Amino acid sequence: MDVLLVKSKDPSSLLPDELSYIVAAFVPSQPPSSRSKAYLVLSAFCQGVRVSKSSERSQAGGDQPDQGSLALFRVFQPLIASNLSQSREDALLAAVTFHCALFQVDWTSASQIFTEDGFIDLLTTLEMATSSPVELELVRLYAQASSHKTCRQLFSDESIAWLQKKSSQSTDDALRAVALLAIVKLAQGSSDDAATIPGGSAPTTSVLAREDVARAAQLSDMIMNSKDIEACLNEAVEGLAYLSINPSVKKSLANNTFLKRLFSFVPKRKAAVDAANNSTLVYGVLVIISNLCAYKPRLSQEQQQITKLRRMAESGKQAGRQGAEEQLDPLESERAVQARCRSAISSGALDVLATASGLDSQGIRSSIGQVLLSFAEDKENRGEILRGGGSKTLTRIIQSVSSSSDSLAPETLPAIQALAKLAITAPPIQVFGPNEGNVLDVIRPFSQLLLHPSASMLQQFEAMMALTNLASHGPTLASRVANTPHVLNKVELLMLEDHTLMRRAATELICNLVAWSEQVFERYAGADDETARSTSRDGSSKSKIHVLIAMSDVEDLPTRLAASGALAMLTSMKTACEAIFELQMERHRAFLVLAQLIDPSVHAGDDDDAVDEDTSVGVGDPGLVHRGVVCILNLLSKLQVPSHRDKLKDEVRKAGLLVVFEKLLKGELGSFSEDVLGSAAEVKKILVALSS
């Protein structure tokens, strides 16, 4: 077999006897190691043939096979048919097992052989065989063929009845499991085929649900009670993976007793090195978990209407009404999915995900990310995810993708979003451990999630929330966020979003970056050096402060707190105060916004006219009041220069600042700390002196 593996790279070098040897290499009597090498040889041979024929692609349209498939058909079809025409058991086994292997390696050529005129008749004659090994391998071939539409169409009622008979016998669990798998694939595939044909008739949803639940019960019973579990486990798991898209089946499978039994067959973390030998089983279990824990997509009202109209156009009004009913299925409600997620977690799903993450398959890793995202949707699960090593699993997945490519595939985003949810909920040390390098490394994928063109609004929101949490833990993390290319520009753009939560998250991130990043502080406060200001006065910092003032005037309280908090810090710099004063002189609005942080009843006007007579509306939020007092104190302290005095006097009078601070100090706006009142007293003193 080692010699054939070398020669298979050049298909023309293989002799007829060597091809016959490959055909016979998949029979059950061959040791597993030999069959594994045979798969490698077959794969290399098929790839070599396709490469050699790549320049001779068929010009035929439609469903005509390409030249590679035709070449493989001409090589293998005579060998398979020749063995099938014999009566010896070894020849029959060689033909059926090889054809089954070809489906797994090159399904297009295998399907072409299966659909060749008269070939299905050769197979159906084997249904009468008395040999148990031939019978079992024939059912395996049927199960492989059932995955493909062109092959499904050839199954006769007699063959389906034969499969049903084999699925109901109780003496051979392996045969029973494979027959059930073939029937499941045929049933679901035929239903999907009928749904794509205009006017096609498919079983009703209720009939399919009953049949699926019955088959799932048979397969799960085998997993729970079979005395020959090794012979039937993989097929039983694969069958349940197909069936677990049905809400009724999800309900029946989501119990701790069954899930614990199912998960017990997956290697534990300490045995993860053996996971490659169990990849089929691990993948099947992962698909079951994914189906059980998948939430229905959250569609906007417009998307729901478009989906309904499309469904009605494709399948008629009755199908449209059926789809509307499916959306209301209580088994697919958010509460039902949450319950299934908790059941999976409590049964050991996190260990399964940790093992599966060690497999070198991007499809598996994407599925793990989606499952952990489903788990993390429920905040009550996030502590369990952290304790179960979920953050390490996600980090491993993300690192494997980041190291292999500079750009992220959209399938990677759910894993990053799941990690972002954990980073929002818990302190970085709980999520990433005490090593600061781990925290620094995760800033890049969070930034990629924020910037990715395929990211949804929710993903962008949660990326900003995670970055906000990280940026609040010191200058090193904040500087790394600020220095990530394009992040600041993106966040500043999202500050102008109409969506309240997006605007809030962006503003809160900017506030934390202003607090901890010297670069961002200077970006907003402006250059402090007089020479730098005179040579580089482009107004960019002034426009950014203008946005913060506008965000301090929105209805959303957290957004106002974040924006005014950033202003309170920035006004410690004279350059920022001068920028605010320039905005005040241009638009006569900045001082009023700051005054309204303290007293919401104040409005533009002169003297007492600047305040509403109804003092009941003048009770402000303590956080806003504190920020407003600090901002105004900084402004008045930094702008006390002769050139500004007359203009400043006129603007503070129009904004009603003196009246606002008198009310504050009299207690008319509520009770506040000594720090706030002390600063307010300083402001009043400056205002009185300014007005004299």
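Residue numbers run consecutively from 1 along every chain, following the written order of its sequence. Reporting in this predicted model follows two pLDDT cut-offs: at least 70 for local features of residues, and 80 or more for side-chain atom pairs to be given and counted; totals over whole chains, interfaces and linings ignore these cut-offs and use all residues. Neither water nor hydrogens contribute to the side-chain values; these are computed over all heavy atoms in the structure.

Draft legend 1. The confidence of the model for the protein chain, seen in detail. The pLDDT value expresses, per residue, how confident the predictor is, ranging between 0 and 100. Per-residue confidence for the protein chain averages 86 on the pLDDT scale, and 84% of its residues sit at or above 70. In what follows, a contact means two residues having at least one pair of non-hydrogen atoms within 4.5 Å. Counting contacts from residues 531–538, a segment whose pLDDT is below 50, to residues more than four positions away or on other chains yields five contacts.

Draft legend 2. Up close: the packing of helix α16 (residues 279–292) against helix α20 (residues 362–377). One way to put it is that α16 packs onto α20 with a least axis distance of 10 Å and a crossing angle of 30°. Two packed elements cross with a definite hand, and for α16 against α20 that hand is left-handed. Between α16 and α20, the contacting residues are Tyr283, Leu286, Ile289 and Ser290 on the first element and Ile364, Ser367, Ile368, Val371 and Phe375 on the second. Counted by class, the contact of α16 with α20 contains seven nonpolar, two polar and no charged residues. Interaxial angles span 0 to 180 degrees and are taken between N-to-C directions of axes, which are lines fitted to C-alpha atoms, for helices over the stretch in contact. Counting from the N terminus, the helices are the DSSP runs of H or I reaching at least four residues and the strands are the DSSP runs of E reaching at least two. Put simply, a crossing is left-handed when the front helix is turned counterclockwise from the back one by less than a right angle, and right-handed when it is turned clockwise. Amino acids outside the nonpolar list (Ala, Val, Leu, Ile, Met, Phe, Trp, Tyr, Cys, Pro) and the charged list (Asp, Glu, Lys, Arg) are all regarded as polar, and Gly is one of them.

Draft legend 3. Layout of the packing of helix α32 (residues 540–551) against helix α33 (residues 557–570). As a packed pair, α32 and α33 sit with axes 8 Å apart at the nearest point and diverge in direction by 140°. Judged on the interaxial angle alone, α33 and α32 are oblique. Seen along the crossing, α32 lies across α33 with a hand that is left-handed. Here Ile545, Leu548, Ile549 and Met551 of α32 come into contact with α33, specifically with Thr559, Arg560, Ala563, Ala566, Leu567 and Leu570. Split by residue class, the contact of α32 with α33 holds eight nonpolar, one polar and one charged. In what follows, roughly perpendicular refers to angles from 65 to 115 degrees, roughly parallel to angles under 35, roughly antiparallel to angles over 145, and oblique to any angle outside these ranges.

Draft legend 4. Quick look at the packing of aromatic side chains. Each Phe, Tyr or Trp ring (for Trp, its six-membered ring) is paired with any other whose centre lies within 6.5 Å, and the angle between the two planes then decides the class: stacked below 30 degrees, edge-to-face above 60, tilted in between. Summed over all chains, the structure comprises ten aromatic pairs. An angle of 85° between the planes, with centres 6.1 Å apart, marks the rings of Tyr142 and Trp162 as edge-to-face. One end of the pair, Tyr142, is in helix α8 (residues 132–145); the other, Trp162, is in helix α10 (residues 157–168), with 20 residues separating them in the sequence. Residue burial is assigned from relative accessible area. The probe radius is 1.4 Å, only protein chains are included, and a residue is buried under 20% of its type maximum, exposed over 50%, and partly exposed in between. Overall, Trp162 belongs to the buried group, its relative accessible area being 10%. We call a charge positioned over a ring when the NZ of a Lys or the CZ of an Arg lies within 6 Å of the ring centre and within 35 degrees of the ring normal. Its end group placed over the ring of Tyr524, Lys544 keeps NZ or CZ at 6.0 Å from the ring centre.

Draft legend 5. Structural context of the nonpolar core. Grouping buried Ala, Val, Leu, Ile, Met, Phe, Trp, Tyr and Cys residues that are joined through side-chain atoms within 4.5 Å yields what is termed a nonpolar core. The biggest cluster of nonpolar side chains holds 153 residues, and the ones touching the most others in it are Phe375, Phe446 and Phe661. Setting aside residues no more than four positions away along its own chain, Phe661 makes contact with Ile598, Val629, Ile632, Ala680, Val683 and Leu687. Formed by 56 residues, the second largest nonpolar core is a distinct cluster that contains Ala25, Leu84, Ala174 and Ala179.

Draft legend 6. Local environment of the pattern of salt bridges. Whenever a carboxyl oxygen of Asp or Glu lies within 4 Å of a side-chain nitrogen of Lys or Arg, that contact is scored as a salt bridge. In this structure the tally under the stated criterion is 24 salt bridges. The partner of Lys542 in a salt bridge is Glu582, with the nearest N and O atoms 3.4 Å apart. Within this pair, whereas Lys542 is found in helix α32, its partner Glu582 is found in helix α34 (residues 574–587), the two being separated by 40 residues in sequence. Residue Lys542 is classed as buried on the basis of its relative accessible area, which comes to 19%. Overall, Glu582 belongs to the partly exposed group, its relative accessible area being 28%. Salt-bridge contacts for Asp553 lead to Arg589; the nearest nitrogen and oxygen are separated by 2.6 Å. On the criterion of sequence distance, the pair formed by Asp553 in the loop between α32 and α33 and Arg589 in the loop between α34 and α35 (590–598) is long-range, its members being 36 residues apart.

Draft legend 7. Representation of the environment of Met502 within the structure. In this fold, Met502 is placed in helix α29 (residues 500–516). Overall, the relative accessible area of 1% leaves Met502 in the buried class. Sequence separation of Met502 and Val491 is eleven residues, and the distance between their C-alpha atoms is 9.5 Å. Setting aside anything within four residues of it in sequence, one finds Met502 in contact with Met457, Gln460, Phe461, Met464, Leu494 and Glu497.

Draft legend 8. The arrangement of the environment of Leu570 in detail. Relative to the helices and strands, Leu570 is located in helix α33. In contact with Leu570, not counting residues within four places along its chain, are Val514, Phe521, Tyr524, Ala525, Ile545, Leu548 and Ala576.

Draft legend 9. Highlighting helix α23 (residues 413–425). To estimate how far a helix should extend, the number of its residues minus one is multiplied by 1.5 Å. Between its terminal C-alpha atoms α23 stretches 19 Å, which fits the 18 Å expected from 13 residues at 1.5 Å a residue. Here α23 lies mainly inside the structure; eleven of its 13 residues are buried.

Draft legend 10. Inspection of the side chain of Ser244 at higher detail. By the element assignment, Ser244 lies in the loop between α13 (229–243) and α14 (247–253). You can call Ser244 buried: its relative accessible area is 0%. Look past the residues within four positions of Ser244 in its chain and what remains in contact with it is Val249, Lys250, Leu253, Val287, Ile288 and Asn291.

Draft legend 11. Expanded view of the side chain of Lys250. Relative to the assigned elements, Lys250 resides in helix α14. A distance of 3.2 Å separates polar atoms of two side chains, one belonging to Lys250 and the other to Glu332. The contact partners of Lys250, leaving out residues within four places of it in the chain, are Ser244, Ile245, Asn291, Leu292, Glu332 and Arg340. Polar contact is defined as a pair of N or O atoms within 3.5 Å, subject to the rule that within protein one atom must be able to donate a hydrogen and the other to accept it, and that residues adjacent in sequence are counted only when both atoms are side-chain atoms.

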